[in-house]
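Spelled out, the chains give:
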Amino acid sequence: MKRGVVFLFCIFAVLAHGQAAPAASSHSADEQAIRHLNQDVLKAYNLGDVKTLDRIEDADFTLTGDFGEVTKTKQIDDVSHRPPNATSVNLTVADERLRFYSDAALLTEIDRYGDGEDFPKYETTSLWVRRGREWKLVHLHYSKLSK
């Protein structure tokens, strides 16, 4: 809960610091990089690819959902101890909205793993921060949407 409050405070601080730049403006390369990294991290989680998760997630990464909140270390440990999926399921990402605030970006989207209405949808919000020349995922929150 405390980290959630800190996360919201960080978002408000970023918003107060500067206005969001339109995603299609001078951020085209950054937008493309983040979308690619986002797809990679979602697939890596499904496949159990901890090397990719470790590369993309920042050292202080947190993941929140209906289970609560976990740190990067806990998430990597959990993923490394579950049986890996041999192949990635079909991932559909819709309604992506990406906003930039200096060296931070906020991405919201709807994700579905699998084809058809039988598979649940998730609304995700992720916070990305530029570290040098790379974008790192610092926080990901998801909520399962009702049908």
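Quick notes on the rules
Residues numbered from 1 in each chain as written. Predicted model: local features only at pLDDT ≥ 70, side-chain atom pairs only at ≥ 80, totals over all residues. Heavy atoms only, no water. Pairing = 2+ DSSP bridges. Helix = DSSP H or I, 4+ residues; strand = E, 2+ residues; numbered from the N terminus. Contact = heavy atoms within 4.5 Å. Polar contact = N/O pair within 3.5 Å; in protein donor to acceptor, adjacent residues only side chain to side chain. Buried < 20%, exposed > 50% of the residue type's maximum accessible area, 1.4 Å probe, protein only.

Asker: Help me get a handle on the pairing of strand E2 (residues 68-71), residues and values and all.
Answerer: The pairing of strand E1 (residues 57-65) with E2 spans four bridges and is antiparallel. For Leu-63, the partnering residue across the bridge sits in E2 and is Val-70. What sits between E1 and E2 in their antiparallel hairpin is a turn of two residues.

Asker: Help me get a handle on the environment of Glu-109, residues and values and all.
Answerer: Structurally, Glu-109 is set in strand E4 (residues 104-113). Leaving out residues up to four positions away in the same chain, Glu-109 has contacts with Asn-38, Leu-42, Val-93, Ala-94, Asp-95, Glu-96, Tyr-122, Glu-123 and Thr-124. For Glu-109, the side chain forms a polar contact with the side chain of Asn-38, separated by 3.0 Å.

Asker: Report on unusual backbone geometry, specifying residues and quantitative values.
Answerer: Leaving glycine out, the prevailing phi sign among residues is negative, and the prevailing peptide bond configuration is trans. Positive phi, normally seen in glycine, also occurs at Ser-102, with a value near 55°. Judged by relative accessible area, which is 46%, Ser-102 ranks as partly exposed.

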